[in-house]
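Structural features, examined
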Amino acid sequence: MNALKQEIAATIAHEGPMTLEHYMGLCLGHPRYGYYMTRDPFGQAGDFVTAPEISQMFGELLGVWISEAWRIAGAPSPARLIELGPGRGTLMSDVLRVARISPAFLNAVDVHLVETSPTLRAVQQRTLADAGKPASWNADVTDTPPGPAFILANEFFDALPVRHYVKTIPGWRERLVGLDPSGELAFGLSEAVETSLKVQAREGSIIEVSAIAQRIMGEIAARLVREGGALLLVDYGYTETSLGDSLQAVARHAYVDPLAEPGEADLTAHVDFAALARAARGAGAKVMGPVTQAHFLLQLGIERRAQSLMKRATEEQGRDIVDAFERLTGTQDPRRHMGELFKVMAVTHPDMPDMPGFIE
Ligand code: SAH
């Protein structure tokens, strides 16, 4: 049993079963043993590869979009350029490089990285050391200074803990993590029935609720309505709220049992874009999309960008560019191609006109 599992088992023995939300929060964010707190999980040698790590084209196009959003919002100065969950800092580094073609934007913004992990903060610091723009770090988006905000979030919302409810004959019961007779972690159900859930479904159905993600989205949307700005969010997930459980644990590019080695595997859930859009609209913000990542990147001109990079590329680099283009925009093989599974959604001040990437 690893140290985090021992700690969780002791807590359950003492206080009773914990919610999946609590369990997931510990696995990812436990100060000593949490998955993101202790390692850099990205890349071929790590557990998974994200779009900014596949190609600079991804960050460059997001950078073009966010600086354009700033210009259309009236070029406010000062403004904040914020990234949620920046991983290795690669996306922000590509954004800041491409933003040099828009010096007024670069001069107006100060850079904030919202990151809980000290390990990843150190990696981000190294990546951004030569970016030509100082950055500061915050643990929570609500800690960033006020003012118009231009916010990027790639694969951030999928890392936020979810709750599960399972339909039983008397009603919906919350899925809990408890102990089996041998003292191993095991899923079980709450005694109490959740009376606020009115959804009709067959026995055994599961509802996944992203309460933390919805709360964060509501806070961001309220800020954008109050102070202006835009959030661009990219993640894998579904467009319509639906029944089912999308919790997954990944270690070394393979699926593993989410209870087997807490803190050693990445735990994520698909993003419920419809629920996030409702939370944003509920706060008075405008929502664009979600559209597929393929739609968004193609509309922003990833093909032209790939062609221009090809002109200066060696044969090997050329193959990498073609491969990256296919992985980012392809739709045939969901295990390799991100074009369809990943969606892009923007949340903005209500006065923002429709932006490139989201035109039908
Ligand atoms: N955007 C990066 C990394 C995605 S992984 C990329 O695309 O490569 C998720 C990131 O969110 C990690 O940096 C992780 O440490 C951070 N993170 C997870 N939960 C967080 C939370 N509650 N608050 C702030 N950052 C969080």
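Everything quoted here is computed from the prediction, not taken from an experiment.

For the protein, the helix and strand inventory stands at 13 helices and 16 strands. Taken against the 2.2 N^0.38 rule, which gives 21 Å for 360 residues, the C-alpha radius of gyration of the protein at 21 Å falls within 12% of a compact globule. In the protein, which comprises 360 residues, the share counted as buried stands at 54%. Long-range contacts, defined here as pairs at least 24 residues apart, represent 76% of the contacts in the protein between residues at least 6 apart. The averaged location of the 45 negative side-chain charges in the protein is 4 Å from the averaged location of its 33 positive side-chain charges.

Once that is clear, we can look at the side chain of Thr 268. Within the fold, Thr 268 resides in strand E13 (residues 266-268). In terms of polar contacts, Thr 268 uses its side chain to reach the side chain of Tyr 236, at 2.7 Å.

Okay, the sheet that holds strand E11 (residues 248-251) next. The strand order E12-E11-E13 describes an open sheet built from three strands, whose pairing is antiparallel. A single partner strand is all that each edge strand has here, and the edge strands are strand E12 (254-256) and E13. Sheet twist, expressed as the average angle between the axes of neighbouring strands with direction ignored, equals 40 degrees. The pairing of E11 with E13 spans three bridges and is antiparallel. Across the sheet, the residue bridging to Val 250 is Asp 266, located in E13.

Our focus in this paragraph is the site of the ligand. Taken together, the neighbourhood of the ligand is formed by 17 residues, with Thr 50, Gly 85, Gly 87, Glu 115 and Asn 154 sitting nearest. Thr 50 places a side-chain nitrogen or oxygen 2.6 Å from an oxygen atom of the ligand. Measuring from an oxygen atom of the ligand, one finds a side-chain N or O atom of Asn 154 at 2.7 Å. Look at the ligand: alone it shows 560 Å² of surface, and the protein chains cover 91% of it.

The next point concerns helix H13 (residues 315-329). End to end, H13 covers 21 Å across 15 residues, agreeing with the expected 21 Å (1.5 Å per residue, within 8%). Every buried residue of H13 is accounted for by Gly 318, Ile 321, Ala 324, Arg 327, Leu 328 and Thr 329. Taken together, the buried residues of H13 touch helix H4 (51-54), helix H5 (56-72), helix H11 (293-299) and helix H12 (302-311).

Attention now moves to helix H2 (residues 20-29). Along H2, the residues classified as buried are Leu 20, Glu 21, Tyr 23, Met 24, Cys 27 and Leu 28. For H2, the arc enclosing every buried residue in end-on projection is 160 degrees, short of the 170-degree limit, so these residues lie on one face.

The next point concerns the packing of aromatic side chains. Inspection of the entire model under this criterion finds seven aromatic pairs. Ring geometry for Phe 296 versus Phe 358: centroids 5.4 Å apart, planes at 55 degrees, classification tilted. Taken together, the positions of Phe 296 in helix H11 and Phe 358 in the segment after strand E16 (342-348) put the pair 62 residues apart, joining distant regions of the chain. For the pair Phe 296 and Phe 358, one class covers both residues: buried. Here a set of aromatic residues connected by ring pairs shows up, and it is made of Trp 65, Phe 296 and Phe 358. A cation sits over an aromatic face here: Arg 175 above Phe 187, 4.9 Å from the ring centre.

With that settled, the discussion passes to the pattern of salt bridges. In total, this model carries 18 salt bridges according to the counting rule given. For the salt bridge of Glu 21 with Arg 163, the shortest nitrogen-to-oxygen distance reads 3.2 Å. Of the two residues, Glu 21 is situated in helix H2 and Arg 163 in strand E6 (residues 163-168); the sequence distance between them amounts to 142 residues. With a relative accessible area of 15%, Glu 21 lands in the buried category. With a relative accessible area of 22%, Arg 163 lands in the partly exposed category. For the salt bridge of Asp 333 with Arg 335, the shortest nitrogen-to-oxygen distance reads 3.6 Å. Counted as one network, the salt bridges with shared partners bring together Glu 60, Asp 94, Arg 97 and Arg 305.

Let us look at the pairing of strand E2 (residues 79-84). Counting buried residues in E2 gives six out of six residues, a clear majority hidden from the surface. Burial of E2 is two-sided: the residues Ala 79, Leu 81 and Glu 83 facing one way and the residues Arg 80, Ile 82 and Leu 84 facing the other way are all buried. As paired elements, E2 and strand E5 (residues 149-154) share five bridges and run parallel to each other. Along E5, the bridge assignment pairs Leu 81 with Phe 150.

Rules used throughout
- Residues numbered from 1 in each chain as written.
- Predicted model: local features only at pLDDT ≥ 70, side-chain atom pairs only at ≥ 80, totals over all residues.
- Heavy atoms only, no water.
- Helix = DSSP H or I, 4+ residues; strand = E, 2+ residues; numbered from the N terminus.
- Rg over C-alpha atoms; globule rule 2.2 N^0.38 Å.
- Buried < 20%, exposed > 50% of the residue type's maximum accessible area, 1.4 Å probe, protein only.
- Contact = heavy atoms within 4.5 Å.
- Lys, Arg positive; Asp, Glu negative; His and termini not counted.
- Charge placed at Lys NZ, Arg CZ, Asp CG, Glu CD.
- Polar contact = N/O pair within 3.5 Å; in protein donor to acceptor, adjacent residues only side chain to side chain.
- Pairing = 2+ DSSP bridges.
- Axes fitted to C-alpha atoms, helices over the stretch in contact; angles between N-to-C directions.
- Near = heavy atom within 4 Å.
- Areas by Shrake-Rupley, 256 points an atom, 1.4 Å probe, with all protein chains shown as cover.
- Expected span 1.5 Å × (residues − 1).
- Arc of directions from axis to C-beta.
- Phe/Tyr/Trp six-rings, centres within 6.5 Å; stacked < 30°, edge-to-face > 60°.
- Lys NZ or Arg CZ within 6 Å of the ring centre and 35° of its normal.
- Salt bridge = Lys/Arg side-chain N within 4 Å of Asp/Glu carboxyl O.

Distances and angles like these do not, on their own, reveal function.
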